[in-house]
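Here are the chains, one letter per residue:
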Amino acid sequence: MKEYLKLQDKKTTREGFGEGLAELGEKYSNVVVLGGDITGSVMTSIFRDKFPDRFFSIGIAEQNATTIAVGMALSGKIPFFSSYSAFAAFRNADQLRVSVCYNNANVKIGGGHSGLTVGPDGATHQSLEEIALLRALPNMTLIVPCDYNETKKATIAVGEMIGPAYIRFGRPKVALFTTEDTPFEIGKAEIFRDGDDVAIIACGSMVWVALEAAKHLYNDHNINARVINNHTIKPIDSLTIETAARECKCIVTAEEHQINGGLGSAVAEVVVKSYPVPMEFIGVNDTFGTSGEPEELLEKFDLTWQNIYNNCLKVIKRK
Amino acid sequence: MNEFLQFDNITFENKKHSISELKSISLEIRRDIIKMLALAKSGHSGGPLGLADFMAALFFDNYMKYDSSNPNLPSRDRFVLSAGHLVPVLYSILARAGYFPIQELSTLRKYGSRLQGHPGLDTELPGIETSSGSLGQGISIAVGMAMSDKLISKNSRKVFSLTGDGELQEGTVWEAAMCASNYKLNNLCWIIDNNDCQIDGRVKDVMSIYPIDEKFKAFGFNTIEIDGHNFEEIRTALNFFEENSKSSSKPTAIILKTFMGMGVSFMKDKYQWHGNPPSIEQAEQALKELI
Ligand SMILES: Cc1ncc(C[n+]2csc(CCOP(=O)(O)OP(=O)(O)O)c2C)c(N)n1
């Protein structure tokens, strides 16, 4: 594990979003936030309380909020709209496509409570398909940060870039293991652990799980896994992925998302074109989620270090 | 398990009840809601408690036609819960109507349960007509069912659908309203739970949807606004729909004035109870009030 990583605590990624947004508000007077009735859950409430004049409650109206954001962006503001990822990417998909992306409008979306780990709310609220949808949109930048610190950095970074962007984050506390010193640059995947026996490419909360798998692979089998934090799904860092394919000669991807169309698909598109090697994909396999506790669901849906570990052993044999 | 969180096995019939009987039915429903939520340790308490009275009358005072031993009876009336997060009240009603074992209420929101956090057709729980949970969609599904019944099958089934008041902020809700009157869906009864609470606060502060009554009138509905905790008024409203379904060409909107958390003093009219379960201690206290 790189020296700039250190397991400190457990903390939610949504706090990183909320605090990053408040920092942006401090720095730029044209940052505005639109609320979709769940401002406490997605923590835009921090910005609202600090800058009430630049916060607008739109109600439960994700389509309207998205297009209102476009109007504000076309008037020189930097609007952020945030809701649960299930409704901030899908309910407004047409608005995102035509009004946000085709206009190349400077609109930022925060998709909270993503993935299985929203837990007991069940399938309707467990968004597992946004990566597939959003990475198909021209002009869109899509980031899935791995912990609290990185979500905060990513939030500030998307505020400072020009163009449409979506940040996907979650509800529960997850490992906080990046630090102030951990590099973060949009579009640049970061190697969190060196190795050349197998590459594990992950995003979001699965990055820490991948590091766990790598530790066990080394302890049990002397296998050196390269762990890549692929936080930016779009634009994808082709160079880092191609280099991993060339040097490790096999790849496992891991994401809290459908396998269909997700991070794994994005990586495979690069690999197949540049340097084909065997791959295994870890994610939700073409099924909806269900009610349960977050940890329980990750286990039932095989999003565990053990499954990454087993798939690394399997893919190494296919080299 | 704490004794006070156990469920008795009483079921209710769908026949004309006295008002005092309806009151005791709705108390039972409220107790179920508190127990389910306390056991689940997550979920929505406030909205379901506010709807216990109306739902008790709708299902147990001979207004809807259904047969719990034959949930897919082709001639049944249908109830579509558009505000999927309110499902604890529906689970309690369905169990007490005999659709599934009452003891299953204790599994709400647990892994493997048929009682999902938001209703899912995938678990095949008897009595659930559609999945819902993404606000604003259920009412359009109800419009589709009413169109199918009235315009294609030409039968006399009725469709009841319930939305929240915050839910009315979703634009597609008004597309559904437009369509319902355009196709003269007098077989559709749209119930609006007007507790003026949503997650971020009062509906009038988050994004006003008032006046509700005049909006629905302008969209071509017969409307009636009632106290959603008064059984006489609930009966008047359901009879109003019954009458309209025969003599009017318009769909009906029933606007229920309710209190979130009704029945439990420390929850009543507090939007903070929209999406929280009671702790075990709070549940014990609530159950003492619900007798
Ligand atoms: C499309 C969509 N957006 C957001 C949510 C999250 N959400 C669930 S309930 C709710 C508030 C609903 O308010 P209301 O309809 O008044 O119901 P009540 O608060 O009375 O239970 C919100 C925003 C959702 N379920 N679906």
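Let us look at the structure shown here. (Residues numbered from 1 in each chain as written. Chains lettered and ligands numbered in written order. Predicted model: local features only at pLDDT ≥ 70, side-chain atom pairs only at ≥ 80, totals over all residues. Heavy atoms only, no water.)

### Some thoughts on the packing of helix α9 (residues 238-248) of chain A against helix α10 (residues 263-274) of chain A
Residues and elements named next belong to chain A.
Part 1 of the argument: Between α9 and α10, whose axes approach to 9 Å, the crossing angle comes to 60 degrees. Considering their axes alone, α9 and α10 lie oblique with respect to each other. With respect to the hand of their crossing, α9 and α10 are arranged in right-handed fashion. Here S238, I241, E242 and R246 of α9 come into contact with α10, specifically with V267, V270, V271 and S274.
Part 2 of the argument: For the contact of α9 with α10, the per-class residue count stands at four nonpolar, two polar and two charged. (Axes fitted to C-alpha atoms, helices over the stretch in contact; angles between N-to-C directions. Helix = DSSP H or I, 4+ residues; strand = E, 2+ residues; numbered from the N terminus. Parallel < 35°, antiparallel > 145°, perpendicular 65-115°, else oblique. Left-handed = near helix turned anticlockwise from the far one by under 90°. Contact = heavy atoms within 4.5 Å. Nonpolar A, V, L, I, M, F, W, Y, C, P; charged D, E, K, R; others polar.)

### Quick word on the site of the ligand
Part 1 of the argument: Around the ligand, the surrounding shell holds 23 residues, and the nearest of these are A:E62, B:H85, B:D165, B:N195 and B:H274.
Part 2 of the argument: Residue neighbours of the ligand fall on chains A and B, so the site bridges chains.
Part 3 of the argument: In the environment of the ligand, an oxygen atom lies 3.0 Å from a nitrogen or oxygen atom belonging to the backbone of B:E167.
Part 4 of the argument: Between the ligand and B:C197 there is a distance of 2.9 Å, counted from an oxygen atom to a backbone nitrogen or oxygen.
Part 5 of the argument: Relative to its free-state accessible area of 590 Å², the ligand is covered by the protein chains to the extent of 99%.
Part 6 of the argument: Looking at the shell around the ligand, its residues break down into eight nonpolar, nine polar and six charged. (Near = heavy atom within 4 Å. Polar contact = N/O pair within 3.5 Å; in protein donor to acceptor, adjacent residues only side chain to side chain. Areas by Shrake-Rupley, 256 points an atom, 1.4 Å probe, with all protein chains shown as cover.)

### A word on the interface of chain A and chain B
Part 1 of the argument: Each side of the interface is counted separately: chain A has 25 residues, and chain B has 25 residues.
Part 2 of the argument: In this assembly, chain A and chain B are joined by two salt bridges.
Part 3 of the argument: A:D121 serves as the salt-bridge partner of B:R109, at 2.7 Å between the closest nitrogen and oxygen.
Part 4 of the argument: At the surface where chain A touches chain B, the tally comes to 15 residue pairs in polar contact (both at pLDDT 80 or more).
Part 5 of the argument: At the level of secondary structure, the elements contributing two or more residues to the side of chain A that touches chain B comprise α3 (62-73) and α11 (294-300) of chain A.
Part 6 of the argument: If you tally residues by element for the side of chain A that touches chain B, the top one is α11(A), at three residues.
Part 7 of the argument: A class-by-class count of the residues in the side of chain A that touches chain B yields eight nonpolar, eleven polar and six charged. (Salt bridge = Lys/Arg side-chain N within 4 Å of Asp/Glu carboxyl O.)

### Some details on the side chain of A:E255
All names here are of chain A.
Part 1 of the argument: Tracing the sequence through the fold places E255 in strand β13 (residues 251-258).
Part 2 of the argument: The buried charged residue E255 lacks any salt bridge, with R168 as its nearest oppositely charged partner at 6.8 Å.
Part 3 of the argument: From its side chain, E255 meets the backbone nitrogen of L263 in a polar contact 2.5 Å long.
Part 4 of the argument: Among the polar contacts listed, one links the side chain of E255 to the backbone nitrogen of G264, at a separation of 2.9 Å.
Part 5 of the argument: Among all residues touching E255, those that are not within four sequence positions of it are I131, C203, M206, G262, L263, G264, I282, G283 and L303. (Buried < 20%, exposed > 50% of the residue type's maximum accessible area, 1.4 Å probe, protein only. Lys, Arg positive; Asp, Glu negative; His and termini not counted.)

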